[in-house]
Amino acid sequence: MTRQIIPVDPFDYIIFGGTGDLAQRKLLPALYHRDNDGQLPDAARLIAASRSDLSTREYQNFAREALETYVPEKHRDQDCIERFLKRLDYVQIDVTSDVGWDELKSALEMEQDGRIRAFYLAVGPGLFGPIAAQLDKHDLIDDRSRLVIEKPLGRDLPSALELNQDVGAHFREDQVFRIDHYLGKETVQNLLALRFANALFEPLWNASHIDHVQITVAETVGVEGRAGYYDKSGALRDMVQNHLLQLLCLVAMEPPSSDDADALRDEKLKVLRSLKPITEQNADANSVRAQYKSGVGPEGKVDGYLEELGEESTSATFVALKAEVENWRWAGVPFYLRTGKRMAARMSEIVINFRPVPHSIFGEAAGKTINNKLVLRLQPDESVKQWIMIKDPGPGGMRLKHVPLDMSFADNFDERSPDAYERLLLDVIRGNQTLFMRRDEVEEAWRWIDPILQAWTDTAQPVRNYPAGSWGPSQSIAMIERDQRTWNDGDM
Ligand code: BG6
């Protein structure tokens, strides 16, 4: 089955931080793939901006290297690479001064066709406000302009409010695209399709039928040369405030009336507002923070976090939480969240655990009835599996077996699975904010996260340890086992 490709309107993508890591690893490869699929109109241009003194030719060489490094060889098409590189322009700008803005203005005004301008700030959050102000000052923002920013969107509620205000002083909310790249992942969008394009799940999607939900984002990597940022952030800010809470919202939200961005985001916001606070009184029972020690990961022996960092720190590289959504649909259904670096496997999944059958008609010889589970695997090997009980085939009487109805993407779709940025970058051009976080969502998420951080400090909750290459500290296992449940660590 070939995908239908609908080209977008002509645009200029202006990438601040054009020589940075995000541009190299994600933005340039994503736009190249869209070009290769025929989705970029001929007139589309990319203007990279940064402080480095480079000519356009030198930047094109830089981009060529990025594509050679981050686009797998089988997807590199030389003609498309040449066409893509011709779209690139480069402007040297010191965003903290007035140097370079006139050059950017003339580059943008070379084309007078009212095209869309998308300013992607692939720079530190400290520069979001100053760049927005400079764009305004130099009269570069028009009605069709958009601003794209990405986490960290603050480190607590006050700083998030300030950042949103700084940006909001120059761009309307419908022009601001706050990326959470998890929302661009295929399985995450599939969760929307599964819930709202099937009549099957909705009647079961509540506390009467669902026992609990688990959301795991496990990584095998350590802090990968980002220790400076990571140590100030820790797993709760780095992963839970954004990615895991967004996943929780999509699982827990009420059906929106349409896929209109605000209809969906209104529902997500209500979930965030319904989260039971984790505070000094209940933090011990409902949260675990931990750091990895040295151990053996899938890539062999690795150092502990403190050795990698080279100094003392209490930042957590692992967090497990028991969250509760206090509303009619979910009362009494725990949402167990966990995320960590240097874990046993790279595995991100959402597991919807259904309640047991009310009564078993089968005798002991048939074996135990295992509860139904719906497992949405985000990565690796994207898939949706509905685990059910069947009769083990063959003679010999009734023997029950737990098997998945398996919708593995690789088996069912003979196509490359696009990176989240491919979808998101073009949604910006389409002006579709459905998969982007609205200002109030980001703030509400911090409103729930801040008290957890505070509780950890106030109660001096210990930072536990786990060996690299494991599934986290024993306290995380104990947290869920106290409720007679277990973490889903494998293909079940
Ligand atoms: C980022 C975090 O937002 O997400 C990183 O800052 C993390 O620490 C990354 O490694 C994980 O993203 P993915 O797409 O590889 O799961």
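What counts and what doesn't
Residues numbered from 1 in each chain as written. Predicted model: local features only at pLDDT ≥ 70, side-chain atom pairs only at ≥ 80, totals over all residues. Heavy atoms only, no water. Pairing = 2+ DSSP bridges. Helix = DSSP H or I, 4+ residues; strand = E, 2+ residues; numbered from the N terminus. Axes fitted to C-alpha atoms, helices over the stretch in contact; angles between N-to-C directions. Buried < 20%, exposed > 50% of the residue type's maximum accessible area, 1.4 Å probe, protein only. Contact = heavy atoms within 4.5 Å. Core = buried A, V, L, I, M, F, W, Y, C linked by side-chain atoms within 4.5 Å. Salt bridge = Lys/Arg side-chain N within 4 Å of Asp/Glu carboxyl O. Right-handed = clockwise from strand over helix to strand, strands pointing away. Near = heavy atom within 4 Å. Polar contact = N/O pair within 3.5 Å; in protein donor to acceptor, adjacent residues only side chain to side chain. Areas by Shrake-Rupley, 256 points an atom, 1.4 Å probe, with all protein chains shown as cover. Nonpolar A, V, L, I, M, F, W, Y, C, P; charged D, E, K, R; others polar.

Strand order in this open sheet of nine strands is β16-β15-β14-β13-β7-β12-β11-β8-β18, and the pairing throughout is mixed. The two strands at the open ends of the sheet, each matched to only one other strand, are β16 (400–408) and β18 (464–467). On average, adjacent strands in this sheet sit at an angle of 20° to one another, irrespective of strand direction. Across six bridges, strand β7 (residues 210–218) lies against strand β12 (residues 334–340) in parallel orientation. Its bridge partner being in β12, Gln214 is matched across the sheet by Tyr336.

A few words now on the environment of Val176. Note on placement: Val176 falls in strand β6 (residues 176–179). Since its relative accessible area comes to 2%, Val176 is described here as buried. The spatial distance from the C-alpha of Val176 to the C-alpha of Ser470 is 39 Å, given a sequence separation of 294 residues. In contact with Val176, other than residues within four places in its own chain, are Leu147, Ile149, Val167, Phe171 and Gln433.

With that settled, consider the sheet that holds β6. Taking strand neighbours across the sheet as the criterion, the seven strands line up as β3-β2-β1-β4-β5-β6-β17 in an open arrangement whose pairing is mixed. Looking at the sheet topology across the chains shown, the edges are occupied by β3 (88–92) and β17 (436–437). Taken together, the four bridges between strand β5 (residues 145–150) and β6 define a ladder with parallel strand orientation. Paired with Leu147 across the two strands is Val176, which belongs to β6. The strands touched by helix α1 (residues 21–36) are β1 (11–16), β2 (45–50), β3, β4 (116–121) and β5; relative to β1, the strand with the most contacts, the crossing angle is about 170°.

Right, let's talk about the nonpolar core for a bit. Residues Tyr13, Phe16, Leu104 and Leu135 are the most contacted members of the largest nonpolar core, which totals 148 residues. The greatest single-element share of this core, amounting to 14 residues, is contributed by helix α8 (residues 227–252). With near-sequence residues (within four places) excluded, Phe16 lies in contact with Ala49, Ile93, Val95, Trp101, Leu104, Phe119, Tyr120, Leu121, Ala122, Val123, Ile131 and Leu135.

A separate point is helix α7 (residues 186–196). A large share of α7 lies buried, amounting to eight of its eleven residues. Buried within α7 we find Thr187, Val188, Gln189, Asn190, Leu191, Leu192, Leu194 and Arg195.

Taken as a whole, this structure holds 41 salt bridges when the rule is applied. Arg399 is the salt-bridge partner of Asp392, the closest N and O atoms lying 3.8 Å from each other. Residue classification places Arg399 among the partly exposed positions, given a relative accessible area of 30%. Overlapping salt bridges, with partners in common, bring together Asp262, Arg265, Asp266, Arg438 and Asp440 in one network.

Let us now look at the pairing of β1. Within β1, six of the six residues are buried, which leaves it mostly tucked inside the rest of the structure. Side chains of β1 alternate between two faces, with Phe11, Tyr13 and Ile15 and Asp12, Ile14 and Phe16 buried alike. In terms of strand pairing, β1 meets β4 through six bridges, oriented parallel. Bridge assignment links Phe11 to a residue of β4, and that residue is Ile116. Where β1 meets β2, five bridges bridge the pair, whose relative direction is parallel. Paired with Asp12 across the two strands is Arg45, which belongs to β2. Remark: the β1/α1/β2 crossover connection has right-handed handedness.

Time to look at the site of the ligand. Surveying the vicinity of the ligand reveals the residues Lys151, His181, Tyr182, Lys185, Glu219, Arg226, Asp238, Met239, His243, Lys341 and Gln379. One nitrogen or oxygen atom from the side chain of Lys185 is found 2.6 Å from an oxygen atom belonging to the ligand. One of the side-chain nitrogen or oxygen atoms of Glu219 is found 2.5 Å away from an oxygen atom of the ligand. Taken by itself the ligand offers 390 Å² of open surface, and the protein chains cover 81% of this. Per element, the largest residue contribution to the shell around the ligand is three residues, and it comes from α8. Its residues assigned to classes, the shell around the ligand shows two nonpolar, three polar and six charged.

By themselves, these are just geometric observations and shouldn't be taken as functional.
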